[in-house]
Amino acid sequence: MRIVLLGSPGSGKGTQAIRIKKKFGIPHISTGDIFRDNIERNTTIGMEAKSYISKGLLVPDSVTIQIVENRLAEDDCKDGFLLDGFPRNLPQAEVLDKGLEKTGKKLDAVVNLDVTDEIIIKRMANRRICSSCGESYNLLFSKPAADGICDKCGGKLYIREDDKPETVVNRLSVYRNQTFPLVEYYNKKGILITVNGEDSADKTFLDILSSLERLP
Ligand code: AMP
């Protein structure tokens, strides 16, 4: 399976990615995670990406596309992959299609998680990440047992820099202007699945699975 996860920031892509990856046994490729890892390791890519991410802007295509092309060329992506956070604009989508075409492959499905801005803003304000293992929590529906501490590893929880309210507004507008047109792009190709991302994570996952089964 070659799947793309689409949806505004905070729509639950990461949460669904864990479930989809497990179900289909495909690698989960999150460009956001790749950038955050580079930022943590102070690489050249990380330093460049940080200035955009902290403002809620997209990292330039020249950097992002190269990273994804390199990752997709790895052996574990040969029979399938789950892209989370890529593509985020039309040029990225076109490069992805052309790259796959060259090797006679194509995307099987694009899963679009539909969530209103109002809910997104609430979710982002309550998202907490473990500074040690990267586990994600939400104080609204997946609270850690002890305040500020990761259930899994005891690490300290923090608020992602780009989840701060002033940055979230920018991220939502970037999503609307640059990423949302991809919904129509993939709809025209007949591979778009839109599910309600406001239900529980388990219900949303079941909806994704049944929609995938209905694809031709
Ligand atoms: P995410 O974790 O997917 O919300 O991504 C966090 C941030 O990384 C985004 O707000 C962008 O600044 C950057 N980013 C992630 N994926 C891309 C992409 N495909 N193109 C450009 N920037 C990206």
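Since the model is a prediction, treat every value here as computed from it, not as a measurement.

Draft legend 1. Spotlight on helix α7 (residues 165-179). Here α7 contains 15 residues, and its C-alpha end-to-end distance of 20 Å stays within 8% of the 21 Å for a straight helix at 1.5 Å per residue. Within α7, the full set of buried residues consists of T167, V168, R171, L172, V174, Y175 and T179. One side of α7 holds all its buried residues, which, seen down the axis, span an arc of 160°. α7 presents E166, V169 and N177 as exposed residues on the side facing more than 90 degrees away from its buried surface. Check the buried side of α7 and you find it contacts β1 (2-7), α3 (44-53), β4 (109-114), α6 (117-125), β5 (127-130) and α8 (181-188).

Draft legend 2. View of the site of the ligand. In the vicinity of the ligand lie 16 residues, with T31, R36, L57, G85 and R88 positioned nearest. Here an oxygen atom of the ligand and a side-chain polar atom of R171 are 2.9 Å apart. Within the complex, the protein chains bury 95% of what would otherwise be the 480 Å² of accessible surface of the ligand. Looking at side-chain class alone, the shell around the ligand contains 6 nonpolar, 5 polar and 5 charged residues.

Draft legend 3. Quick peek at the pairing of β1. Most of β1 is tucked away, with 6 of its 6 residues classed as buried. Residues R2, V4 and L6 point to one face of β1 and I3, L5 and G7 to the other, with burial holding for every one of them. Strand direction decides the pairing type here: β1 and strand β3 (residues 81-84), joined by 4 bridges, are parallel. The residue bridging V4 from the neighbouring strand is L83, located in β3. As paired strands, β1 and β4 are joined by 5 bridges and run parallel to one another. Pairing of V4 across the sheet is with V110, part of β4.

Draft legend 4. Representation of the packing of helix α2 (residues 31-40) against α3 in the model. Axis separation between α2 and α3 bottoms out at 8 Å; the angle between their running directions is 115°. Helix-helix and strand crossings are classified by hand; for α2 and α3 the assignment is left-handed. Between α2 and α3, the contacting residues are F35, N38 and I39 on the first element and I45, G46, A49, K50 and I53 on the second. Within the contact of α2 with α3, the residues separate by chemical class into 5 nonpolar, 2 polar and 1 charged.

About the cut-offs
- Residues numbered from 1 in each chain as written.
- Predicted model: local features only at pLDDT ≥ 70, side-chain atom pairs only at ≥ 80, totals over all residues.
- Heavy atoms only, no water.
- Helix = DSSP H or I, 4+ residues; strand = E, 2+ residues; numbered from the N terminus.
- Expected span 1.5 Å × (residues − 1).
- Buried < 20%, exposed > 50% of the residue type's maximum accessible area, 1.4 Å probe, protein only.
- Arc of directions from axis to C-beta.
- Contact = heavy atoms within 4.5 Å.
- Near = heavy atom within 4 Å.
- Polar contact = N/O pair within 3.5 Å; in protein donor to acceptor, adjacent residues only side chain to side chain.
- Areas by Shrake-Rupley, 256 points an atom, 1.4 Å probe, with all protein chains shown as cover.
- Nonpolar A, V, L, I, M, F, W, Y, C, P; charged D, E, K, R; others polar.
- Pairing = 2+ DSSP bridges.
- Axes fitted to C-alpha atoms, helices over the stretch in contact; angles between N-to-C directions.
- Left-handed = near helix turned anticlockwise from the far one by under 90°.

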